[in-house]
Amino acid sequence: MQALRWECRYYACMTAVTIRDVSEDTLRAIKVRAAQEGKSLQGFLHELIEREATIPTMDEIVARIRGHASVDLTDVDTAALTDEEHR
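Residues numbered from 1 in each chain as written. Predicted model: local features only at pLDDT ≥ 70, side-chain atom pairs only at ≥ 80, totals over all residues. Heavy atoms only, no water.

Participant: Describe the layout of surface pockets, naming the residues involved and giving the relevant values.
Facilitator: Taken as a whole, the largest pocket spans an internal volume of roughly 660 Å³. Going through the elements one at a time, helix H2 (24-36) and helix H3 (41-54) are the ones with two or more residues in the lining of the largest pocket. For the lining of the largest pocket, a count of residues per class yields 12 nonpolar, 5 polar and 1 charged. (1 Å grid on protein atoms, 1.4 Å probe; cavity = no way out; pocket = protein on both sides within 12 Å on 5 of 7 lines; lining within 4 Å. Points joined across faces, edges and corners; volume = space filled by probe spheres on them. Helix = DSSP H or I, 4+ residues; strand = E, 2+ residues; numbered from the N terminus. Nonpolar A, V, L, I, M, F, W, Y, C, P; charged D, E, K, R; others polar.)

Next comes the structure, spelled out in structure tokens:
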């Protein structure tokens, strides 16, 4: 009984998403991919969205890199490094 209560609370927090104007060709292709993976259309799309949400955007990647950057190069330093690379 406790598992049932947890499941109800879990799904109560979920939001339904509707996607309109999906072409028949696109829908057919997604249904085929879902079937090939042995999943329902909903299950396939759910995993696709969850996976996409974990991939950082380019802005997030740049911010992360800038946050870790510890070297402060001046224009002169950069020019010197560039000259060294071309020798």
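From this point, things continue past the structure.
Participant: Outline the pattern of salt bridges, listing residues and values.
Facilitator: Tallied over the full model, the rule gives 3 salt bridges. Through salt bridges with shared partners, one network takes in Glu37, Lys39 and Glu47. (Salt bridge = Lys/Arg side-chain N within 4 Å of Asp/Glu carboxyl O.)

Participant: Account for the packing of H2 against H3, with residues named and values stated.
Facilitator: Taken N-terminus to C-terminus, the directions of H2 and H3 make an angle of 95°; their axes are 9 Å apart at the nearest point. With respect to their mutual orientation, H2 and H3 come out roughly perpendicular. Contact residues: H2 offers Leu27, Ile30, Lys31, Arg33 and Ala34, while H3 offers Leu41, Phe44 and Leu45. Considering only residue class, the contact of H2 with H3 consists of 6 nonpolar, no polar and 2 charged. (Axes fitted to C-alpha atoms, helices over the stretch in contact; angles between N-to-C directions. Parallel < 35°, antiparallel > 145°, perpendicular 65-115°, else oblique. Contact = heavy atoms within 4.5 Å.)

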